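# Examination of the molecular architecture
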Amino acid sequence: MSAQNPPPAAPLVIWAVSDGRAGIEAQVVGLANAIARKRPAQVVVKQIGWKSWIGRLPWWLTPFPRRLLTPQSDIAPPWPDLWIAAGRATLPLSIRMRRWSGRRTYVVQVQDPRMPTRLFDLVIPPRHDRLEGDNVFPITGSPGRVNAERMAGDLQRFQAQLDALPRPRVAVIIGGKSKAHDISPERAAAMAREIELPVVQEGGSVMVSFTRRTPEPAKNLLEARLRHLPGVIWDGEGDNPYFAYLAAADYILVTEDSTNLATDAASTGKPVFVMKMDGESLKFRLFHEDLERLGAARPFGGAFHRWTYEPLAETERAADEVLRRFDARKA
């Protein structure tokens, strides 16, 4: 091949590393896939597992972490071009990856690692964590898996189930128990009333999806109170219609406990209403205020109204920044 036509570069190898929890894995896989949409890449999903309680120790007390991993973790050379990780379980590995790879691997840590950022090539925290630094790139919310192609594909798969639903269609995405929030049966009952009234008044329908964190009593109560409305309630079996619900919705309701859920919803450009839960969190209040400032979300007051805004594209923006810094380091 002539010098004027050099061979194409090999695809990037990207590891998306987490402990396998759905919300955490969605962030690293979402960012890795966004990079792969911009440049040829092979995305490999890795789930970290520890052999014993030692894996739950602080990162500085895990001197030989690879010896303590389960075989299924599969953390071994050849090392990737990009290591994209999130969650506490990944930290003992992330801080050593540059040394293990002879600095060939570019290490990206999603979320605030709560440790010196100089141990990573790039840290991508949510803006509401208020983390700063030369190698810190804050974003609104968290990286996610929502994109136009994914939503269109899933909408087509569930078309027969959703096409006949009367408008306005309301996607109701329910989170659950966390360090700061919970859904008591009393709050679930109030939430059901808040959802039911405007749906009945407008002659619309609901598309309800719960998460693994939704408390069973709250889930059962919401199902019982909303079942009479036109619509569908996903029972957790079979294919997950989450992205199809977002694509089909005219309005989106999300509980206040999840950065992922609100970021996904705000990535659609559709009106997003945030539902109150039990509990309080300064960080989540700052996050929701950021979404309000961007015109994406408003508190849910028991009524629907329309507005427009530029869909959130923070995952794409983060992917661009990773590639910019990765290329600059190689230059």
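Look up: the structure comes first, before these words.
Reading the values: rules and limits
- Residues numbered from 1 in each chain as written.
- Predicted model: local features only at pLDDT ≥ 70, side-chain atom pairs only at ≥ 80, totals over all residues.
- Heavy atoms only, no water.
- Pairing = 2+ DSSP bridges.
- Helix = DSSP H or I, 4+ residues; strand = E, 2+ residues; numbered from the N terminus.
- Axes fitted to C-alpha atoms, helices over the stretch in contact; angles between N-to-C directions.
- Core = buried A, V, L, I, M, F, W, Y, C linked by side-chain atoms within 4.5 Å.
- Buried < 20%, exposed > 50% of the residue type's maximum accessible area, 1.4 Å probe, protein only.
- Contact = heavy atoms within 4.5 Å.
- Phe/Tyr/Trp six-rings, centres within 6.5 Å; stacked < 30°, edge-to-face > 60°.
- Right-handed = clockwise from strand over helix to strand, strands pointing away.

## Topic: the sheet that holds strand β8 (residues 205-210)
If you trace the six strands from one edge of the open sheet to the other, you get β9-β8-β6-β10-β11-β13, paired in parallel fashion. Two strands bound the open sheet, and with one partner strand each, they are β9 (231-233) and β13 (297-299). Going from strand to strand, the sheet's axes swing by 20° on average, the running direction of each strand aside. Strand direction decides the pairing type here: strand β10 (residues 251-255) and strand β11 (residues 272-275), joined by four bridges, are parallel.

## Side note on the nonpolar core
In this structure, Leu162, Val172, Ile195, Met207, Leu253 and Val254 are the most contacted members of the largest nonpolar core, which totals 59 residues. Filtering out sequence-adjacent residues up to four positions away, Ile195 remains in contact with Val172, Val206, Leu226, Leu253, Met275 and Phe300. Ile14, Val28, Val29 and Val110 belong to the second-largest nonpolar core, a separate cluster that totals 25 residues.

## Here's the deal with unusual backbone geometry
Of note, the amide linkage connecting Pro77 to Pro78 takes the cis form, showing an omega dihedral of 10°. By the secondary structure assignment, Pro78 is in the loop between β2 (41-47) and β3 (82-86). Omega for the peptide link from Arg167 to Pro168 comes to 5°, which places this bond in the cis form. Among the structural elements, Pro168 can be located in the loop between α4 (159-162) and β6 (169-174).

## Details of the packing of aromatic side chains
On inspection of all chains with the given rule, the structure shows 11 aromatic pairs. Measuring from ring centre to ring centre gives 5.8 Å for Trp79 and Trp100, while their planes differ by 20°; the resulting arrangement is stacked. One end of the pair, Trp79, is in the loop between β2 and β3; the other, Trp100, is in helix α2 (residues 91-100), and 21 residues separate them in sequence. Note on Trp79: relative accessible area 11%, which makes it buried. Judged by relative accessible area, which is 22%, Trp100 ranks as partly exposed. Grouped by ring-pair contacts, the aromatic residues Tyr251, Phe273, Phe300, Phe304 and Trp307 constitute a single cluster.

## Section: the pairing of strand β4 (residues 106-110)
A large share of β4 lies buried, amounting to five of its five residues. In β4, alternate side chains face the same way, and those of Tyr106, Val108 and Val110 on one face and Val107 and Gln109 on the other are all buried. Relative to β4, β3 runs parallel, the two being bridged by five bridges. Pairing of Ile84 across the sheet is with Val108, part of β4. A crossover links β3 with its parallel partner β4, the connecting element being α2, and its sense is right-handed. Relative to strand β5 (residues 122-124), β4 is paired through three bridges, and the arrangement is parallel. Looking at the pairing, Val110 lines up with Ile124 of β5.

None of this, on its own, says anything about what the molecule does.
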